[in-house]
Amino acid sequence: MQPNVEKVDAFLRDLQDRICAALERVEALALTPPLAPRAAPPSPAARARDEGGRSATAGVFMEDAWMRPAGGGGRTRVLKSGAVFEQAGVNYSRVTGDTLPPSATADRPQLAGRQWTACGVSLVVHPRNPYVPTAHANVRYFDADKAGEEPVWWFGGGFDLTPFYPFDEDCAHWHGVARDLCAPFGDDVYPRCKKWCDEYFYLRHRNETRGVGGLFFDDLNEGGFERCFKFMQAVGNGFLDAYLPILERRKGTPYGEREREFQLYRRGRYVEFNLVYDRGTLFGLQSGGRSESILMSLPPRVRYEYGYVPEPGSPEARLAEYLKPREWL
């Protein structure tokens, strides 16, 4: 099958809708009295919007539909100040251009002079409770065309988990979902994508991983368009299966100021990775992308502390044991 960007685009739009609806249901249930009937969350079409297109209701996603002057656009959705999610961002974009930025052509000189299209869904969830991990997922498609030559295309994506107070059963569940969704595509797929994730989400200047990993893949075109597209769909669809059970287990865990301060401190590592190493952030900024959408992944609140060292034997010190590659299954 020939590459079909419209087919990919339709899946990505639907994926954004489904993930936003699922996260809003979590918020709606958190605000529902235990003995009261559980009301369904408002549909996107039914929400009251202000003149800027933003919802004034906490716990639901506001949406910014935007256009990019150089070509393309997207829908950025952000949920703020929820009962469960301090901030969650789910971004869809489809952007085009006539020339590629240095971050794209440095290792791929064959892309020079090609028109390109990049589309994807990227999300980051920053929960309020420090016992609920931060989660990230991304699925994307890229193609570059030039008259008289075969198109160049590939898929990429993955998901990774960043706990502050980790639990082994959560890590095993996360990786179990990752392994199972990879299984139909070959026994070597999960080990390879897990290793790639461990290596990619690594802060070299801190000598630690960003979290407990998951899946990461890029430049995927082996086996043809249809097979690669199915794998990308499996990863995108698998995020909620991996994350929601962990969220449900931990969202009601009691916590105090100590745990909250540690969460804010560790969020600083998230900022460091996204601004120093993340290729998607660099590509977006260098290609003239919309900075508000690109930087929506950053946490709403964060703190830095010079020379912080957790107390030996404390729950905070225990986190270091998890910030290195490990076989979870």
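Structure first, text after, so check above.
Residues numbered from 1 in each chain as written. Predicted model: local features only at pLDDT ≥ 70, side-chain atom pairs only at ≥ 80, totals over all residues. Heavy atoms only, no water.

A few words on the overall build of the chain. Within the chain, the secondary structure is distributed over nine helices and nine strands. For the chain, buried positions account for 53% of its 329 residues. Once local pairs closer than 6 in sequence are excluded, the contacts in the chain between residues at least 24 apart make up 69%. Surface accessibility of the chain: about 15,400 Å² in total, with carbon and sulfur atoms responsible for 53%. (Helix = DSSP H or I, 4+ residues; strand = E, 2+ residues; numbered from the N terminus. Buried < 20%, exposed > 50% of the residue type's maximum accessible area, 1.4 Å probe, protein only. Contact = heavy atoms within 4.5 Å. Areas by Shrake-Rupley, 256 points an atom, 1.4 Å probe, with all protein chains shown as cover.)

Taking 1.5 Å as the rise per residue, helix 6 (residues 257-276) with 20 residues should run 28 Å; its terminal C-alpha atoms sit 29 Å apart, in good agreement. Burial runs high along helix 6: 15 of the 20 residues are buried. (Expected span 1.5 Å × (residues − 1).)

Following the criterion strictly, the structure yields 30 salt bridges and no others. Where Arg 13 meets Asp 9, a salt bridge forms, and the shortest distance between an N and an O atom there is 3.1 Å. Here Arg 13 and its partner Asp 9 are both found in helix 1 (residues 5-30), four residues apart, which amounts to about one turn of the helix. For Arg 13, a relative accessible area of 34% gives the class partly exposed. For Asp 9, a relative accessible area of 6% corresponds to the buried category. Residues participating in the shared-partner salt-bridge network are Glu 6, Asp 9, Arg 13 and Arg 94. (Salt bridge = Lys/Arg side-chain N within 4 Å of Asp/Glu carboxyl O.)

In this structure, Tyr 304 sits in the loop between helix 8 (291-294) and helix 9 (315-318). For the pair Tyr 304 and Arg 266, spaced 38 residues apart in sequence, the C-alpha separation works out to 8.5 Å. Leave out the neighbours within four places in its chain, and Tyr 304 touches Gly 268, Val 271 and Glu 272.

As a further point, take the nonpolar core. Core analysis: the biggest nonpolar cluster contains 58 residues, and Phe 155, Phe 159, Phe 231 and Phe 239 have the highest contact counts within it. Broken down by element, this core gets its largest block of residues, twelve residues, from helix 5 (residues 225-250). If sequence neighbours within four positions are ignored, Phe 155 has contacts with Val 8, Arg 140, Tyr 141, Phe 217, Asp 218, Asp 219, Leu 220, Phe 225, Cys 228, Phe 229 and Met 232. Membership of the second largest hydrophobic core comes to eleven residues, among which are Leu 111, Trp 116, Trp 154 and Phe 283. (Core = buried A, V, L, I, M, F, W, Y, C linked by side-chain atoms within 4.5 Å.)

Here we take up unusual backbone geometry. Keep in mind that most residues, glycine aside, have a negative phi and that most peptide bonds are trans. Even without a glycine there, the phi angle at Ser 81 is positive, about 55°. Its place among the elements puts Ser 81 in the loop between strand 2 (72-80) and strand 3 (85-97). The phi dihedral of Asp 219 falls on the positive side, at around 55°, and the residue is not glycine. By the secondary structure assignment, Asp 219 is in strand 9 (residues 213-220).

Attention now goes to the sheet that holds strand 3. The seven strands are arranged 1-2-3-4-5-6-9 in an open sheet whose pairing can be described as antiparallel. Lying at the two open borders of the sheet, with one neighbouring strand each, are strand 1 (61-67) and strand 9. Each adjacent strand pair in this sheet contributes to an overall mean axis angle of 5°, direction not counted. (Pairing = 2+ DSSP bridges. Axes fitted to C-alpha atoms, helices over the stretch in contact; angles between N-to-C directions.)

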